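What follows is the residue order along each chain.
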Amino acid sequence: MKFKDLKFEDRSETHGENAIQAWVDFPNGYSASVVRHLGSYGHKQGLYEIGVFYNGRMVDVLGWGDCVKGYLDEDAVTDILKQLQKLED
């Protein structure tokens, strides 16, 4: 899974103008929400935020000290998606 494979949907109605989100479900049970909206970390710089879920709950599985990580460019999002794919459930 790479950034270019993400299918972003418009979330402007709920998260403000130009808000977008892509959702990815991995076979290992993890999911990722990649967003850019007015409240996301890095949106002013055109960067992305990613949140990780397992069994419907947000988790800090990669040791970020938080359930979300922001200020991500496309390459950083790809790197995190690859890390999530490698996790075992």
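Above this text you will find the structure in question.
How each quantity is defined
Residues numbered from 1 in each chain as written. Predicted model: local features only at pLDDT ≥ 70, side-chain atom pairs only at ≥ 80, totals over all residues. Heavy atoms only, no water. Salt bridge = Lys/Arg side-chain N within 4 Å of Asp/Glu carboxyl O. Buried < 20%, exposed > 50% of the residue type's maximum accessible area, 1.4 Å probe, protein only. Patch = residues over 30% accessible without salt bridge, like charges linked within 9 Å, V, L, I, M, F, W, Y side chains within 5 Å. Areas by Shrake-Rupley, 256 points an atom, 1.4 Å probe, with all protein chains shown as cover. Lys, Arg positive; Asp, Glu negative; His and termini not counted. Charge placed at Lys NZ, Arg CZ, Asp CG, Glu CD. Helix = DSSP H or I, 4+ residues; strand = E, 2+ residues; numbered from the N terminus. Pairing = 2+ DSSP bridges.

Q: Looking at this structure, how should I read the pattern of salt bridges?
A: It is possible for side chains bearing opposite charge to pair when their charged atoms get close. Tallied over the full model, the rule gives one salt bridge. Notably, a salt bridge pairs Arg-11 with Glu-9, separated by 3.2 Å at the nearest N-O pair. Residue classification places Glu-9 among the partly exposed positions, given a relative accessible area of 44%.

Q: What is the right way to look at a negative patch on the surface in this model?
A: Taken together, the side chains of Asp-73, Glu-74, Asp-75 and Asp-79 define an acidic patch exposed on the protein surface. Residue position: Asp-75 is located in helix α2 (residues 74-86).

Q: Is there a simple way to explain the pairing of strand β2 (residues 20-25) in this structure?
A: Looking down a regular strand, the side chains alternate between one sheet face and the other. Bridge count between strand β1 (residues 9-10) and β2: two bridges; the pairing is antiparallel. For Glu-9, the partnering residue across the bridge sits in β2 and is Gln-21. Summarising the sheet, β2 and strand β3 (residues 30-36) pair through six bridges and their orientation is antiparallel. If you follow Gln-21 over to β3, its bridge partner there is Val-35. Taking the residues between adjacent antiparallel strands as the criterion, β2 and β3 are bridged by four residues, where Gly-29 takes a positive phi near 100°.

All we've got here are geometric facts, nothing functional implied.
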